[in-house]
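Secondary and tertiary structure notes
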Amino acid sequence: MSTIHLHQRTTLAPEQYVRGLTDFGPGRSKLFGNSADEYLEVHRRGFTDADVTEGSGGIWERLHYDWSDLNHVVLTTIDSNVWGGASSHTYTFTRQANGATDIDVVVIREGKTLKGRMLGFVLGTIGRRVLEKAFENSVKAIEALDAPKQPTQSAA
């Protein structure tokens, strides 16, 4: 089992990032590269939770999303072709006095198959950078969505 800790500071408020995290519409892969549209299936969505299958590259995972506390969002693996056991993603948001938000993510990967155990080992060691980059990209993509729109200037 691998436990990976990730951290990003953002200009987003927690609810802005959570809005992106829980947007299960088309184009999700633009925010989360490991969530290809062809894998995406929303089984159920409530006001503060959802049951969603997503994945990419032959790896899929059914997750229970719980955002009832916007400062502590938990994604628990319900089923997967490679992940099982305690696999999850836990997002903790801490607002800073300057208006920024620290996002801390703990990713737990417990392989239920040989492929999953090997992937978990790789992610916990040399593959950690892949997760860091994917997280950094998701923060930047959601920041870009929530950036104020600048009026375009016409050429004179």
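Higher on the page you've got the structure.
Quick look at the structure, then. These figures come from a predicted structure and were not determined experimentally.

**Observations regarding the pattern of salt bridges**
As enumerated under the stated definition, the model contains eleven salt bridges in all. Notably, a salt bridge pairs Arg129 with Glu132, separated by 3.4 Å at the nearest N-O pair. With Arg129 and Glu132 both in helix α3 (residues 128-146) and three residues apart, the pair spans about one turn of that helix. With relative accessibility at 43%, the residue Arg129 sits in the partly exposed group. Here Lys140 ties to Glu136 by a salt bridge, and the two come within 3.2 Å at their closest N and O atoms. With Lys140 and Glu136 both in helix α3, this residue pair falls four residues apart, about one helical turn.

**A short note on the sheet that holds strand β3 (residues 49-56)**
A sheet is described by the order of its strands in space; here seven strands give the open sequence β1-β7-β6-β5-β4-β3-β2, paired in antiparallel fashion. The sheet terminates laterally at β1 (2-10) and β2 (41-45), the two strands that pair on one side only. Strand-to-strand twist across the sheet, computed as the mean angle between neighbouring axes with direction ignored, equals 20°. Here eight bridges tie strand β6 (residues 88-95) to strand β7 (residues 101-109), and the two strands are oriented antiparallel to one another. Directly across from Arg95, in β7, lies its bridge partner Thr101. Where helix α1 (residues 14-21) meets the sheet, its contacts fall on β4 (59-66), β5 (72-80), β6 and β7, and the angle it forms with β6 comes to roughly 155°. Against the sheet, α3 contacts β1, β6 and β7, and its axis sits at roughly 30° relative to β1.

**Re the nonpolar core**
Formed by 30 residues in total, the largest nonpolar core has its most connected members in Tyr17, Leu21, Tyr65, Val73, Tyr91, Ile103 and Phe135. Taken together, the elements giving at least two residues each to this core come down to β1, α1, β3, β4, β5, β6, β7 and α3. Examining the composition of this core, we find that five residues originate from one element, α3, more than from any other. Setting aside its immediate chain neighbours within four residues, Val73 contacts Val18, Leu21, Asp66, Trp67, His89, Thr90, Tyr91 and Phe93.

**Some details on α1**
Each α-helix turn comprises 3.6 residues. Residues three or four places apart therefore point the same way. Taken residue by residue, α1 has Pro14, Tyr17, Val18, Gly20 and Leu21 as its buried positions. Down the axis, α1 shows its buried residues gathered within 160° of arc, on one side only. For α1, the secondary structure elements touched by its buried residues are β4, β5, β6, β7 and α3.

About the thresholds
- Residues numbered from 1 in each chain as written.
- Predicted model: local features only at pLDDT ≥ 70, side-chain atom pairs only at ≥ 80, totals over all residues.
- Heavy atoms only, no water.
- Salt bridge = Lys/Arg side-chain N within 4 Å of Asp/Glu carboxyl O.
- Helix = DSSP H or I, 4+ residues; strand = E, 2+ residues; numbered from the N terminus.
- Buried < 20%, exposed > 50% of the residue type's maximum accessible area, 1.4 Å probe, protein only.
- Pairing = 2+ DSSP bridges.
- Axes fitted to C-alpha atoms, helices over the stretch in contact; angles between N-to-C directions.
- Contact = heavy atoms within 4.5 Å.
- Core = buried A, V, L, I, M, F, W, Y, C linked by side-chain atoms within 4.5 Å.
- Arc of directions from axis to C-beta.

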